[in-house]
Amino acid sequence: MIDTDRRLLVSYSCCVIKPLAQYIDTWYMYYVLKSKLIKDEINRYVNKTTQPNVGLKSIKNFLFPLPPLAEQKRVVARLEELLPLCERLK
């Protein structure tokens, strides 16, 4: 996760996905992007060439659960309560 407002220069094969703060909580987006849902979306759109990749056009079509901002914040708060407990179970 990149937490800056500075302009970034990324490689040809990278992109920066920056949420609009009035609609998407940054930590909510982080957790969703790490989820099985998004991993399944990646597998749906992956271009299996010599170097497997997912194009920006495909990323724009990803399904992304987007509840109201207040609910996103509750989800993040709950995850931050539960994830340390999960880590201790390992």
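Residues numbered from 1 in each chain as written. Predicted model: local features only at pLDDT ≥ 70, side-chain atom pairs only at ≥ 80, totals over all residues. Heavy atoms only, no water.

Concerning the overall build of the protein chain
This is how the line gets drawn: Numbering of helices and strands runs from the N terminus, with a helix taken as a DSSP run of H or I at least four residues long and a strand as a DSSP run of E at least two residues long. Only protein chains enter the calculation, and the probe is 1.4 Å; a residue is then buried if its accessible area is under 20% of its type maximum, exposed if over 50%, and partly exposed in between. Any two residues whose heavy atoms approach within 4.5 Å at even a single point are treated as in contact. Here the Shrake-Rupley method, with its probe set to 1.4 Å, supplies the accessible areas, and only the displayed protein chains count as covering residues.
Along the protein chain, the regular secondary structure elements total four helices and zero strands. Along the protein chain, helices (α) and strands (β) appear in the sequence α-α-α-α when read from the amino end. C-alpha atoms of the protein chain, sized along the principal axes, occupy 40 × 35 × 20 Å. In the protein chain, buried positions account for 14% of the 90 residues. For the protein chain, the proportion of contacts with a sequence separation of at least 24, taken over those separated by at least 6, is 61%. Put simply, the protein chain shows about 7800 Å² of open surface, and 58% of that area lies on carbon and sulfur atoms.

Remarks on the pattern of salt bridges
Applicable threshold: Whenever Lys or Arg places a side-chain nitrogen within 4 Å of a carboxyl oxygen from Asp or Glu, that contact is recorded as a salt bridge.
Using the criterion set out here, one finds five salt bridges in the structure. Among the salt bridges present, the one from glutamate 81 reaches arginine 78, with a minimum N-O distance of 2.8 Å. Pair noted here: glutamate 81 and arginine 78 are both in helix H4 (residues 69-89), with a separation of three residues, about one helical turn. Among the residues examined, arginine 78 registers a relative accessible area of 45% and is labelled partly exposed.

What to know about the packing of aromatic side chains
To keep it simple, the criterion reads: Any two of the Phe, Tyr and Trp rings considered here, Trp counted by its six-membered ring, make a pair once their centres fall within 6.5 Å; the pair's planes then place it as stacked at under 30 degrees, edge-to-face at over 60, or tilted in between.
In total, this model carries five aromatic pairs according to the counting rule given. Where tryptophan 27 meets tyrosine 30, the ring centres are 5.2 Å apart and the plane angle is 75°; that geometry is what we call edge-to-face. Taken together, the positions of tryptophan 27 and tyrosine 30, both in helix H1 (residues 26-33) and three residues apart, correspond to about one turn of that helix. Given the relative accessible area of 41%, tryptophan 27 is considered partly exposed. Under the relative-accessibility criterion, tyrosine 30 is labelled partly exposed at 28%. Among the aromatic residues, ring-to-ring pairing joins Trp27, Tyr30 and Tyr31 into one connected group.

Some thoughts on the packing of H1 against H4
Going by this rule: All axes here are fitted lines through C-alpha atoms, helices being fitted over the stretch that makes contact, and every angle between N-to-C directions spans 0 to 180 degrees. By the definition adopted for this analysis, an angle is roughly parallel if under 35 degrees, roughly antiparallel if over 145, roughly perpendicular if from 65 to 115, and oblique otherwise. Crossings are classed by handedness, with left-handed meaning an anticlockwise turn of the near helix from the far one by less than a right angle and right-handed meaning a clockwise turn.
Their axes nearest at 9 Å, the elements H1 and H4 cross at an angle of 60°. Taken together, H1 and H4 sit at an angle that is classed as oblique. Here the hand of the crossing between H1 and H4 comes out left-handed. Of the residues in H4, those touching H1 at Trp27, Tyr28 and Tyr31 are Gln72, Val75, Val76, Leu79, Glu80 and Leu83.

Observations regarding the environment of lysine 57
If you trace the backbone, lysine 57 turns up in helix H3 (residues 56-59). We classify lysine 57 as exposed; its relative accessible area is 71%. Spatially, the C-alpha atoms of lysine 57 and tyrosine 45 are 9.7 Å apart, while their sequence positions differ by 12 residues.

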